[in-house]
Every structure is written in structure tokens, then in C-alpha cells.
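Structural overview for review
Chain by chain, the residues:
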Amino acid sequence: MAAGAAKPKIIIRRAIVDDATAIVGFFRIIREESAYALPEIDPVYARNNAEMFIRDHKLTWVAVHEGRVIGCFMGAVVSFSWTPKPSAIENVHLGVLQEYRRFGVAEVLLKRVKESSSALGLPIKLQIDFGEEKADLKERFVKRAGFAYVGSNFIFAPQAPEAVAHEAPPASSYELVSSTDLSDLASQVDALAQAAEQG
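Residues numbered from 1 in each chain as written. Predicted model: local features only at pLDDT ≥ 70, side-chain atom pairs only at ≥ 80, totals over all residues. Heavy atoms only, no water.

Before going further, it helps to spend a moment on the layout of surface pockets. Volume-wise, the second largest pocket comes out at about 280 Å³. Considering the residues around the second largest pocket, the lining is formed by 12 residues, among which Pro8, Ile10, Tyr100, Phe103 and Val105 are closest to the centre. If you list the elements that add at least two residues to the lining of the second largest pocket, you get strand S1 (10-14) and helix H3 (105-120). For the lining of the second largest pocket, the residue count by class is eight nonpolar, two polar and two charged. (1 Å grid on protein atoms, 1.4 Å probe; cavity = no way out; pocket = protein on both sides within 12 Å on 5 of 7 lines; lining within 4 Å. Points joined across faces, edges and corners; volume = space filled by probe spheres on them. Helix = DSSP H or I, 4+ residues; strand = E, 2+ residues; numbered from the N terminus. Nonpolar A, V, L, I, M, F, W, Y, C, P; charged D, E, K, R; others polar.)

Next up, the structure:
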């Protein structure tokens, strides 16, 4: 860039429904860039889902450079399973294309979300999926953005039986009975309900 030339502008704004197709294109690139084996994108489902989040939750922001979505925060207000009262803002997606990372785009996206958090009086539950080897980057990023570590997400990914190292579970005073057949689940629930009525 020549000295004195204007810097290219990245515009960060609240998404509108018309952004849904561009967001799906963004998801497609993010999926290709990912080190994880992510499922194929269903374009119709993805577009409808993006439209729903934009329209119903109003917690989706996009970063746009030269008409292209290069970053996105998509969030929703969530509740505990036992009450309809909103409990937090939770991110469904937070991402920035690789070539635009480390320029502060994600921080500005999160700044917009934090403004909504303050206005709604709700905390933000943030999940960021970097590769395990980049856990230190994740920690530095979230702390710099003003988030505190309060727990962790754990993922179980099924593997071939021979690839899994089994560790003996701790001794227990309970007998654990488990069935992989769910066809009898309804009858078990009915039997428990009948026993409760009779007892």
C-alpha cells in the first residue's frame, strides 16, 4: 500500500435478512478452512437458519470487506430448560476468514455483542473452537476481549474401537446397567410410572 493511501475498510454491522446468502458463502469457506471434518453444508437449510437468527434473535453481526462477508457473530438469547426467562446470549457461530484474522475483526464483532449484553442485562456464553494446539491463542483472545474462564466444553468424537484407549472407570458402589437398545425405553418409563402410582 502506498504511503498516504487510504486503508481498505472492513465494515462491521448488524446483519439483515438480505445477508443470509453471503453468510452461507462465508460458512462454506470457514468449513473448507477448518482442520476439523465438519459436515457438508445444506444451502437451503443454512440460508433459512441464517434468516431465522437474523430476524428472530437480532444478534447477528457481519464484517464486510468489498461486499464480501469475511466475519460473522451469530447468537441467540437462551434460557434454562426449566424457565422461559432469558438467561444468556450464546454464540452459535463466531468466525473470521483466515486472511482477515489478527486485524481485530473478532474483537469488534464481540464489542457489538457486549453492547447488546449490557442493554439486555444478560451475560454472554462464548464458545470458540480453535484447534487444541492453539488453546493459548484462544485464552489470550477471550481474556483480551474481557471474558472470564468459567468452565470448559468437552467433545466426544466416536472413533474405531481399536483407536480408543480405554481407562478403567473408578470403583463404584453402584451397579451400572446400560442398554444400547432404546426400543424398550418407553416400556421402562411406563413401568416406573405405574410403580410410582402404586407406591
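This next bit is on the side chain of His93. One can find His93 in strand S4 (residues 86-96). Judged by its relative accessible area of 17%, His93 is buried. Excluding its chain neighbours within four sequence positions, the residues that come into contact with His93 are Phe26, Phe27, Ile30, Cys72, Phe73 and Met74. (Buried < 20%, exposed > 50% of the residue type's maximum accessible area, 1.4 Å probe, protein only. Contact = heavy atoms within 4.5 Å.)

Now for the packing of helix H1 (residues 20-33) against helix H2 (residues 43-57). H2 packs onto H1 with a crossing angle of 120° between their chain directions and a minimal axis gap of 9 Å. The orientation of H1 with respect to H2, classified from their angle, is oblique. Once H1 is placed against H2, the crossing between them reads as right-handed. Here Ala20, Thr21, Ile23, Val24 and Arg28 of H1 come into contact with H2, specifically with Pro43, Ala46, Arg47, Ala50, Glu51 and Ile54. Residue composition of the contact of H1 with H2, grouped by class: seven nonpolar, one polar and three charged. (Axes fitted to C-alpha atoms, helices over the stretch in contact; angles between N-to-C directions. Parallel < 35°, antiparallel > 145°, perpendicular 65-115°, else oblique. Left-handed = near helix turned anticlockwise from the far one by under 90°.)

Right, let's talk about the side chain of Thr60 for a bit. Checked against the element boundaries, Thr60 lands in strand S2 (residues 60-65). What makes Thr60 buried here is its relative accessible area of 2%. Every residue in contact with Thr60, bar those within four places of it in the chain, is listed here: Arg14, Ala15, Ile23, Phe53, Ile54, Cys72, Phe73, Met74 and Gly75.

With that settled, consider unusual backbone geometry. With phi around 50°, Glu66 is a residue other than glycine that occupies positive phi space. Within the fold, Glu66 resides in the loop between S2 and strand S3 (68-79). The class of Glu66 is exposed, set by a relative accessible area of 72%. For Arg102, which is not a glycine, the phi torsion comes out positive at approximately 70°. Counting through the fold element by element, Arg102 comes out in the loop between S4 and H3.

If you walk across this open sheet you meet the five strands as S1-S2-S3-S4-S5, and the pairing is mixed. Looking at strand neighbours, the two that pair on one side only are S1 and strand S5 (124-125), the edges of this open sheet. Both S1 and S2 contribute to a ladder of five bridges, which runs antiparallel. From the neighbouring strand, Ile11 faces S2, where its bridge partner is Val64. Running over the sheet, H1 touches S2, S3 and S4 and is turned about 100° from S3. (Pairing = 2+ DSSP bridges.)

Let us look at the confidence of the model for the chain. Per-residue confidence for the chain averages 79 on the pLDDT scale, and 70% of its residues sit at or above 70. Helix H5 (residues 185-198) is the least confidently modelled element of the chain, averaging 60 in pLDDT, while H2 averages 94, the highest of any element. (pLDDT = per-residue confidence, 0-100.)

A complete count under the given rule lists nine salt bridges for this structure. Here Arg55 and Asp56 are joined by a salt bridge, their closest N and O atoms 3.3 Å apart. (Salt bridge = Lys/Arg side-chain N within 4 Å of Asp/Glu carboxyl O.)

Looking now at H1. Taking 1.5 Å per residue, 14 residues should reach 20 Å; H1 reaches 20 Å between its end C-alpha atoms and fits that length. Burial in H1 covers these residues: Ala20, Ile23, Val24, Phe26, Phe27 and Ile30. Down the axis, H1 shows its buried residues gathered within 155° of arc, on one side only. The outward face of H1, more than 90 degrees from its buried face, is lined by the exposed residues Thr21 and Glu32. At its buried positions, H1 is contacted by H2, S2, S3 and S4. (Expected span 1.5 Å × (residues − 1). Arc of directions from axis to C-beta.)

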